[in-house]
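# Summary of structural features
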Amino acid sequence: TETDETMASTFWSESFEGSTFPPSGRSLTGTHSGSYTWHRNSTYHCSGSYSAAIYWQNSDWQDEYLFTPNINTSTCYNIHLRFYLTMTQTDYGNGYYNWLYLYYSVDGGNYYLYTYYDENASCSYKDIDMTSLLNRHSQVSFIFNYYGYDGFDMAIDYVNLYGETDGYAASGGSQDMGGADIYI
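All values reported here derive from a predicted model rather than from experimental measurement.

## Some thoughts on the overall build of the chain
Within the chain, the secondary structure is distributed over one helix and 12 strands. Reading the chain from its N end, one meets helices and strands in the order β-β-β-β-β-β-β-β-β-α-β-β-β. Taking all 184 residues of the chain together, 43% fall into the buried category. A sequence separation of at least 24 residues applies to 79% of the contacts in the chain between residues at least 6 apart. Accessible area for the chain stands at about 8600 Å²; split by element, carbon and sulfur atoms hold 43% of it.

## Observations regarding the state of the cysteines
Applying the stated rule across the entire model yields one disulfide. A sulfur-sulfur separation of 2.2 Å characterises the disulfide bridge that pairs Cys46 with Cys123. The disulfide joining Cys46 to Cys123 has a torsion of about -90° about its S-S bond and is therefore left-handed. Taken as a pair, Cys46 in the loop between strand S3 (39-41) and strand S4 (51-54) and Cys123 in strand S9 (residues 121-129) lie far apart in primary sequence, 77 residues in all. Judged by its relative accessible area of 31%, Cys123 is partly exposed.

## Things to note about the side chain of Thr37
By secondary structure assignment, the location of Thr37 is in the loop between strand S2 (27-29) and S3. A relative accessible area of 8% places Thr37 in the buried class. A polar contact is formed between the side chain of Thr37 and the side chain of Glu64, at a distance of 2.7 Å. Once you skip the residues sitting within four places of it in the chain, Thr37 turns out to touch His32, Ala53, Ile54 and Glu64.

## Details of the packing of aromatic side chains
Inspection of every chain in the model, using the stated rule, returns 17 aromatic pairs. Measuring from ring centre to ring centre gives 5.2 Å for Trp61 and Tyr147, while their planes differ by 25°; the resulting arrangement is stacked. Of the two residues, Trp61 sits in strand S5 (residues 61-67) while Tyr147 sits in strand S10 (residues 141-149), which places them 86 residues apart along the sequence. According to the relative accessible area criterion, Tyr147 is partly exposed, its value standing at 29%. Measuring from ring centre to ring centre gives 5.8 Å for Tyr101 and Tyr116, while their planes differ by 35°; the resulting arrangement is tilted. One end of the pair, Tyr101, is in strand S7 (residues 97-105); the other, Tyr116, is in strand S8 (residues 110-117), with 15 residues separating them in the sequence. Ring pairing ties together the aromatic residues Trp61, Tyr92, Tyr97, Trp99, Tyr101, Tyr116, Tyr147 and Tyr149, which thus form one cluster. Above the plane of the ring of Tyr50 lies Arg40, whose end atom (NZ or CZ) is 3.4 Å from the centre.

## What about the environment of Ile143?
For Ile143, the position within the fold is in strand S10. Ile143 sits in the buried class, given a relative accessible area of 0%. For the pair Ile143 and Leu100, spaced 43 residues apart in the sequence, the C-alpha separation amounts to 9.9 Å.

## Focus on the pairing of S4
What you see with S4 is no split at all: Ser51 and Ala53 on one side and Ala52 and Ile54 on the other are buried throughout. Examined bridge by bridge, S3 and S4 share three bridges and lie antiparallel to one another. Residue His39 lies in a different strand from S4, and its bridge partner there is Ala53. For S4 and strand S11 (residues 154-165), the ladder comprises three bridges, and the chain directions are antiparallel. Across the sheet, the residue bridging to Ala52 is Ile156, located in S11.

What counts as what
Residues numbered from 1 in each chain as written. Predicted model: local features only at pLDDT ≥ 70, side-chain atom pairs only at ≥ 80, totals over all residues. Heavy atoms only, no water. Helix = DSSP H or I, 4+ residues; strand = E, 2+ residues; numbered from the N terminus. Buried < 20%, exposed > 50% of the residue type's maximum accessible area, 1.4 Å probe, protein only. Contact = heavy atoms within 4.5 Å. Areas by Shrake-Rupley, 256 points an atom, 1.4 Å probe, with all protein chains shown as cover. Disulfide = S-S within 2.5 Å. Polar contact = N/O pair within 3.5 Å; in protein donor to acceptor, adjacent residues only side chain to side chain. Phe/Tyr/Trp six-rings, centres within 6.5 Å; stacked < 30°, edge-to-face > 60°. Lys NZ or Arg CZ within 6 Å of the ring centre and 35° of its normal. Pairing = 2+ DSSP bridges.

Any functional reading would require information beyond the geometric quantities listed.
Written out as structure tokens, the structure reads:
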């Protein structure tokens, strides 16, 4: 007799432990380079030895994007996006600004703002229920966007999708996101 089994599991993750950055299938775009955009970092790690981090740029705006690959969630439901966040809250009084914007896409080209963070956090674990937006789509992807002026360092670590599956979802590979439309 065949049974319909489901299992709760992490079906996609990125720990930034590999020596290549951005990791395979991910892409970067932004206004800066080197350590002033997303880079592999050993200072702000929460899980393992490395994270994806950005150092603040003195007296300049930063608008830095880290794209995940397309992830096949067609057999997945009750989906949660989870990650660790390290950042310092915006200091409006002194003119130091920085935010982390989180965008999502279910079609590989149009991105929609889901939420943003402006808080004091040291390895703060985020567990975001994305069920109503992501269940059973053939491709899902995210953008982590650091936006700030003369702000503070920021890092994300162990980014993963967790949920119930009818099997295992696999990464859909990489796609050039340079022409993506972002909706706020």
